[in-house]
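Geometric and topological summary
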Amino acid sequence: MTLTGWALILLFTALVVLLARPLGLLMHAFYARPALPGERALYRALGVDPAIDQSWAAYAASLMVFNVLGIALLFAVLKLQGVLPLNPQRFGGVDTALAFNTAVSFVTNTNWQNYGGETTLSHFSQMAGLTVQNFLSAATGIAAAFALIRGFARRDAPGIGNFWVDVTRITLYLLLPASMVLALAYVALGVPQTLAASATATTMEGGRQVIALGPVASQLAIKMLGTNGGGFFNANSAHPFENPGALSNLIQMLSMFALGAGLTVTFGKAVGNLKQGRALLAAMLLLFLGGVTVTYAAEAAGNPVHHALGLFGGNMEGKEVRFGVAASALFASITTATSSGAVIAAHDSLTPLGGLVPMFNMQLGEVVIGGVGSGLYAVLVYAILAVFIAGLMVGRTPEYLGKKIEAREMTLSVIAIIVPPLMILSLAALACVVPAGLAGPLAKGPHGFSEILYAFTSAAANNGSAFGGLSGNTPFYNLLLALGMFVGRFGVILPVLAIAGSLAAKRTVPPGPGSFPTTGMLWVGLLAAVILIVGGLTFLPALVLGPIADQAQVAAGTLL
Amino acid sequence: MSSETASPTPSLFTGRLLAAAARDAMLKLDPRTLVRNPVMFVTALVATLSTVLLVKNALSGGGALAFQAQLVGWLWLTVLFGNFAEAMAEGRGKAQAAALRQTKADLVARRLVGTTGKHETVAAGLLAVGDLVLVETGELIPADGEVIAGVASVNEAAITGESAPVIREAGGDRSAVTAGTRVIADRITVRVTAAQGKGFLDRMIALVEGASRQKTPNEIALTILLAGLTLIFLIAVGTLPAFAAYAGGAIAVPVLVALFVTLIPTTISALLSAIGIAGMDRLVRFNVLAKSGRAVEAAGDIDTLLLDKTGTITIGDRQASAFLPLPGVSEAELVAVARLASLADETPEGRSIVTLAGAGPALPADAEPIMFTAQTRVSGLRIDDREIIKGAVDAVLRRLGPNSCKDAAAALTAIAETVARAGSTPLAVADGSRLLGVVQLKDIVKTGIRERFSELRRMGIRTVMITGDNPLTAASIAAESGVDDFLAEATPEDKLALIRQEQRGGKLVAMCGDGTNDAPALAQADVGVAMNTGTQAAREAGNMVDLDSDPTKLIEIVGLGKQLLMTRGALTTFSIANDVAKYFAILPAIFVVLYPGLAVLNVMRLGSPQSAILAAIIFNALIIPALVPLALKGVRYRPAPAGELLARNLAVYGLGGLAAPFIGIKLIDMAITALHLA
């Protein structure tokens, strides 16, 4: 580990904390403001009454209709891209299982990619298909977070907001302008933005090289900001056109954390106590820095097998020389702590312990900043759990932000917490015993198991990063991963919206010295510990058979 | 405050109780009983499954039988220990209930027949609501009811444990009598108010026995969480065979079962109902009957305490401390008239005036006493046409009306205000239409009450003093006692309005009361403690009854409620924290066959895979009886702000829960290895 490496990590963390407040307050404005005139015209055209305050069930129904239609539309675009415009490379329609997987993947904010973008998809599919869902899936996540925030902020209220209004505002006022600014910045830094298919160059050796091009910058901006992570190119942000240098790399890392961190401030502002949001952010960053430290230390220490061969220094296998060990370790932590999944290094080639952290980040339920919106609502579910377990110890019925946590909230929180591990572990177990599943992994032994476990973890946590090594583009994996992504997304959002409805209807107990403290270091530590223990207890057996056994073997000098 | 100080506590583990609990633990293996507790039910289910596998294995002559048999044995012990904990908690109540039932069975009644004054002797069980019964010196009152004629001194030791007799009389707020209590002097006629099986004694039997115990809201929520955790571990453990198959190995079913049972929260689940029963039991031994567990939980959540001034904040009776004559009136005249006005007044206040005034003439034979009523609020004597009265200043001025001299009234009001501002109560004294002066009645604030209130404030509980006094007196006593707020000249309607206002703000309110007019407020409050000396209406309206009729106890009741919730939380935290060590014991033991490098995870250096698994399951079983005393006694409780309580309990039960099993499992493993059990 080097001083520059740590300087980068700390600088990044400091910038996140600095950005969180203005962004959070900006989002609070969209959360709270009445409709603007231009907005109203749009609602009239769409036949939406913005004044309607939806019950949680109506909000959830709107959200589901919107997302299921999104999947159908994207599926159609991918199947029909052969006859649609903007197809300079004349790609045919995408294979059905792959198209379905990709449609679910982008609508659920996962962006798991079982295809190489530049060799499979037309510009139309990328722009009108994928990029549109990059915006809408991010907006859906933030909308669900807004709904849950309202649950805490309101009292004796029947409704939790209007889904259509929330989605419209987040897209129009937040994601579109911010993406435009970022896209222009990326263009200035050297990222291509063109409708041309490719450039042809003559190499130094005199050979002819076709260099894939396309509308990269516009997709890159929202891919990072919306924690989508689906790359334009197969190599994702390791590709020089998708990430030209250090500055673009820093901007990409910051834009992954920006909105998720900002939402904690939005939350604090909405419930009338900024400290409440700050505590959530502190717990997230505590877990984040812990993870980064492990990954960075493991990568910097390198591989003892390599060392025995005379290759000293950190583990550079699967890393871009441009970025090096520290930035790659940091990026890997960020991209899995959020639900982004963009990569600048091959996670398959991380040392086993270094690769354990990205996997564990996702298994914790994407609560370390997490996906835009989804990170906030997931961490709030954990907060409810932590308050319930420890809150009794102050001698009162547990309450969070003045809302009593009772049987209904407990049932829904337990569902929201069980669904992702249920998907991850049961689907991975299935893949471990059927031939179609066993055909997937490249490696054998614990590393091969890690490849399978990572894939289902990434899908159910809606991250989308790939460990690599796994041949995912088979009907078996396409369908199973799609199932994991769909249930992992909506199996959490629906109970979260139900919690929002139940909390909004409750009265609020004013805080006092007898209330359970949900600000301050004690609470931050408790929340982080509950997240770690619940996540750890759930996944430790599987992790022992994957990365931990892998590490034990590497330490013993065996390579599989 | 602690439960030990409340009443002499029988030892937790007397031999008879232990034997009875052990027998009940076996009876509770009935699946219909077990299913009430999902985690223990699942444990019993996998124990059954393991037993079947063991028998199958034994018949087919498989290996590792001794190990497997030990596992099965400890699985069943885990279930039995859970049953035992519950049986222990119920045990003490059952003994008490048996005694009460005997009392009830022996009761006979003398029922009045018609209006003739004749009566017949019938078993108490045959009485109906509305029947009139006669009870005389030495007899037991056969049913709950209301005294409609007579006054008697009653010993209520049978239900309160307090042998000092109390007065029960017709009319007023001391008319309620309870079945099973004994009249020790005089005779009363009682109208039966409780139907068969619905009486106080019946309720008490059901309560101490735990027969009518239902899960409280918080207990239900916790059960859901525990069931959820069980489900998570079912997924985590259930997928392991597939993962192990990928690694080219297999895990024996008994081992998987052991892992599963040690991970699911058996500790807290086994103790959960014992904690609830013990919480109710602590209240019973504190001579408070809660009508539901819900009420006990609500007590822990109280934000606002409404406390009656008299008896809670000040010692019961006010004492006359000075005579303050008006200008132009001699003190001797005031003393003489005040004494005369108090001669027929048998209240402690009246007697204290007579005492302070010193010797004087006896009650004139032709005097007719003017009795105190809630409407007139004055008392005194009428001798021919001359009215000698004393009473609240405004009441006396109103009674005199325009007859009184304006200047005298103003001077009297001025003196009264000075007295009130000092925290005392002014009583005006008048002779006919002439105002003479003021008797100062001093309220004596209880020692130590100020510290109690500051403790409550630190816990975030607001105290409100309720008093019939005027605002000046109330403010002064409030300042002296350190209470947060006060409600002066309070009527029952004011109390009810105050409770509603607090509740609208999201707060939970506790109060106590005894009169019939307190009933609406008692019913409205989240915790309403009715005094046992109070009326039947009040006792019906409240959700707790204090057998000692001591309003101060409200503060302790809040503490007991908090202690119940804290015990539940502490053991939940402890139980979940335990799992970390169990993983470090069992996971390397299971997987080291597949990947020998995983031996590094065996941080406890346990003897062998089998001994590690056995040690974990034995620890998991033994921790239950080890924690039974804590579950029954409750965790240590000291009033403090939530932050402090959390920090301390997290350190003790969170960190302790992490560390304890590492030590315990290691020790058990050493014992197993030494005894060659595995």
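Coordinates for the structure precede this section.
Within every chain, residues take consecutive numbers counted from 1 along the sequence as written. Key to labels: chains lettered from A, ligands numbered from 1, both in the order written. Since the coordinates come from a predicted model, pLDDT governs what is reported: local features require at least 70, and pairs of side-chain atoms require 80 or more to be given and counted, while whole-chain, interface and lining totals use all residues. Side-chain calculation: all heavy atoms of the structure are included, whereas hydrogens and water are not.

1. Quick notes on the sheet that holds strand 16 (residues 434–442) of chain B
Residue and element names in this part refer to chain B. Across the sheet, six strands lie side by side as 11-16-15-14-13-12; this open sheet has antiparallel pairing. The open sheet has two edge strands, strand 11 (319–325) and strand 12 (368–370), and neither has a second partner. Averaged over all pairs of adjacent strands, the angle between strand axes in this sheet comes to 20 degrees, irrespective of strand direction. Of the strands in this sheet, strand 11, strand 14 (386–392), strand 15 (424–431) and strand 16 touch helix 14 (residues 348–357), which is tilted by about 60 degrees from strand 11. Two residues form a contact once any of their heavy atoms are found within 4.5 Å. Whenever a helix is involved, its axis is fitted only over the stretch in contact; in every case the axis is a line through C-alpha atoms, and angles between N-to-C directions fall within 0 to 180 degrees. Only DSSP runs of H or I with at least four residues qualify as helices, and only runs of E with at least two residues qualify as strands; both kinds are numbered from the N terminus onward. Against the sheet, helix 15 (residues 393–400) engages strand 12, strand 13 (378–383), strand 14, strand 15 and strand 16, with an angle of about 150 degrees to strand 14. At least two DSSP bridges between two strands are required for those strands to pair.

2. Things to note about the interface of chain A and chain B
At the interface, 61 residues of chain A touch 59 residues of chain B. Summed over both partners, the interface of chain A with chain B buries about 4900 Å², with 78% contributed by carbon and sulfur atoms. Of all residues in chain A, the largest losses of buried area upon contact with chain B belong to M393(A), L537(A) and L545(A), amounting jointly to 16% of the total for that side. One side-chain nitrogen of Lys or Arg within 4 Å of one carboxyl oxygen of Asp or Glu is enough to make a salt bridge. At the boundary of chain A with chain B, the tally comes to two salt bridges. Buried area: the accessible area, evaluated with a 1.4 Å probe, that two parts lose upon being put together, summed over both parts.

3. Quick word on the pairing of strand 1 (residues 108–113) of chain B
In this sheet, strand 2 (residues 118–123) of chain B lies alongside strand 1 of chain B in antiparallel orientation, the contact comprising six bridges. By the bridge assignment, R111(B) is partnered in strand 2 of chain B with E120(B).

4. Considering helix 1 (residues 15–27) of chain B
Residues and elements named next belong to chain B. With 13 residues, helix 1 should reach 18 Å at 1.5 Å per residue; the first-to-last C-alpha distance of 19 Å fits that figure. For every residue, the accessible area (1.4 Å probe, protein chains only) is compared with the maximum for its type, and the residue is labelled buried under 20%, exposed over 50%, or partly exposed between those bounds. L17, A21, D24 and A25 are the residues of helix 1 that are buried. Angularly, the buried residues of helix 1 cover 105 degrees about the axis, an arc narrow enough to put them on a single face. Seen from the open side of helix 1, the exposed residues pointing more than 90 degrees away from its buried face are G15, R16, R23, M26 and L27. In this structure, the buried residues of helix 1 make contact with helix 4 (65–105). Each helix should span, by expectation, one fewer than its residue count multiplied by 1.5 Å. Arc definition: it is the arc formed by the directions from the helix axis to the C-beta atoms.

5. Looking at helix 19 (residues 492–504) of chain B
All names here are of chain B. Compared with the 18 Å implied by 1.5 Å per residue over 13 residues, the 19 Å span of helix 19 between its first and last C-alpha is a close match. Three or more residues of helix 19 are buried, namely K495, L496, L498, I499, E502 and Q503. The arc that holds the buried residues of helix 19, viewed along the axis, is 160 degrees, so those residues lie on one side. Facing away from the buried side of helix 19 by over 90 degrees, the exposed positions are E493 and R504. The elements touched by buried residues of helix 19 are strand 10 (304–308), strand 17 (462–466), strand 18 (485–487), strand 19 (509–513) and helix 20 (519–524). G506 occupies a position one or two residues after helix 19 and carries a positive phi of about 90 degrees.

6. Let's talk about the side chain of T181(B)
By the element assignment, T181(B) lies in the loop between strand 7 (176–177) and strand 8 (182–192). For the purposes of these results, a polar contact is taken to be a pair of N or O atoms within 3.5 Å, where, inside protein, one atom must be able to donate a hydrogen and its partner to accept one; residues adjacent in sequence count only when each atom of the pair is a side-chain atom. A polar contact of 2.6 Å, which involves the side chain of T181(B), links it to the backbone oxygen of T178(B).

7. Observations concerning the environment of P629(B)
Summarising the element assignment, P629(B) is placed in helix 23 (residues 609–633). What makes P629(B) partly exposed here is its relative accessible area of 26%.

8. Notes on a nonpolar patch on the surface
Residue and element names in this part refer to chain A. Distance thresholds for patches are 9 Å for like charges and 5 Å for nonpolar side chains (Val, Leu, Ile, Met, Phe, Trp, Tyr), applied to residues having over 30% relative accessible area and no salt bridge. Surface accessibility in these figures is a Shrake-Rupley result with a 1.4 Å probe; residues are shielded only by whichever protein chains are displayed. Side chains of L42, L46, L172, L176 and M180 sit close together on the surface and give an oily, nonpolar patch of about 440 Å² of accessible area. Examining the composition of the nonpolar patch, we find that three residues originate from one element, helix 7 (residues 163–188), more than from any other. By the element assignment, L42 lies in helix 2 (residues 37–46).

9. Brief notes about the sheet that holds strand 21 (residues 544–546) of chain B
All names here are of chain B. One open sheet accounts for seven strands, arranged 9-21-20-19-10-17-18; its pairing is mixed. Sheet topology places strand 9 (288–290) and strand 18 at the edges, where each strand pairs with a single neighbour. Taking each pair of neighbouring strands and ignoring which way they run, the sheet shows an average axis angle of 20 degrees. Across five bridges, strand 10 lies against strand 17 in parallel orientation. From the neighbouring strand, D308 faces strand 17, where its bridge partner is I466. The strands that helix 18 (residues 471–481) touches are strand 17 and strand 18; relative to strand 18, the one it contacts most, it runs at about 150 degrees. Each of strand 9, strand 10, strand 19, strand 20 (527–531) and strand 21 is contacted by helix 22 (residues 553–591), which is oriented at about 155 degrees to strand 10, the strand it contacts most.

10. Side note on the packing of aromatic side chains
Ring pairs are drawn from Phe, Tyr and Trp, using the six-membered ring of Trp, whenever the two centres fall within 6.5 Å, and their geometry is named by plane angle: stacked under 30 degrees, edge-to-face over 60, tilted for the rest. Within this structure, the stated rule accounts for 23 aromatic pairs over all chains. Both rings, one in F30(A) and one in Y173(A), keep their centres 5.8 Å apart while their planes meet at 45 degrees; by these two values the pair is tilted. Separated by 143 residues along the polypeptide, F30(A) in helix 1 (residues 3–32) and Y173(A) in helix 7 bring together distant segments of the chain. A residue is classified by how much of its surface remains accessible, and Y173(A), at 25% relative accessible area, is partly exposed. Taking the centre distance of 6.1 Å and the plane angle of 45 degrees together, the rings of F449(A) and Y246(B) count as tilted. Of the two residues, F449(A) sits in helix 17 (residues 445–460) while Y246(B) sits in helix 8 (residues 240–246), which places them in two different chains. As far as burial versus exposure is concerned, F449(A) and Y246(B) are alike and both buried. Among the aromatic residues, ring-to-ring pairing joins F152(A), F267(A), Y400(A), F516(A) and W523(A) into one connected group. Over a ring means this: the NZ of a Lys or the CZ of an Arg is within 6 Å of the ring centre and within 35 degrees of the ring normal. Above the face of the F286(B) ring, K553(B) is positioned so that its terminal group lies 5.0 Å from the ring centre.

11. Side note on the pattern of salt bridges
Should their charged atoms come close, side chains of opposite charge can pair. Applying the stated criterion to the full structure yields 42 salt bridges over all chains. A salt bridge links K390(B) to D345(B), with the nearest nitrogen and oxygen atoms 2.8 Å apart. Of this pair, K390(B) sits in strand 14 while D345(B) is found in the loop between helix 13 (331–342) and helix 14, placing the two residues 45 residues apart along the sequence. Judged by its relative accessible area of 4%, K390(B) is buried. One salt bridge connects R386(B) with D431(B), and the closest N-O pair in it is separated by 2.8 Å. Linking R386(B) in strand 14 with D431(B) in strand 15, this pair joins segments that are 45 residues apart in sequence. Judged by relative accessible area, which is 35%, R386(B) ranks as partly exposed. Among the charged side chains, a network of salt bridges with common partners joins R396(A), E399(A), K404(A), D301(B) and D303(B).

12. Let's talk about the packing of helix 1 of chain A against helix 6 (residues 123–153) of chain A
Residues and elements named next belong to chain A. Packing of helix 1 against helix 6 brings their axes to within 11 Å, and their N-to-C directions diverge by 80 degrees. Judged on the interaxial angle alone, helix 6 and helix 1 are roughly perpendicular. Facing M27, F30 and Y31 of helix 1, the residues of helix 6 in contact are F146, I149, R150 and A153. Amino acids are sorted into nonpolar (Ala, Val, Leu, Ile, Met, Phe, Trp, Tyr, Cys and Pro), charged (Asp, Glu, Lys and Arg) and polar (every other residue, Gly among them). When its residues are assigned to classes, the contact of helix 1 with helix 6 shows six nonpolar, no polar and one charged. Just so you know how the angles are binned, under 35 degrees is roughly parallel, over 145 roughly antiparallel, 65 to 115 roughly perpendicular, and the rest oblique.

13. Concerning unusual backbone geometry
A negative phi angle is the norm for most residues apart from glycine, just as the trans form is the norm for most peptide bonds. Residue and element names in this part refer to chain A. Although it is not a glycine, E366 sits at a positive phi angle of roughly 50 degrees. Tracing the backbone shows E366 in the loop between helix 13 (352–363) and helix 14 (374–391). On the accessibility criterion, E366 (3% relative accessible area) is buried. Its identity is not glycine, yet L401 carries a phi of approximately 55 degrees, on the positive side. Tracing the backbone through its elements, the reader meets L401 in the loop between strand 3 (399–400) and strand 4 (403–404).

These values are about where atoms sit, not about what they do.
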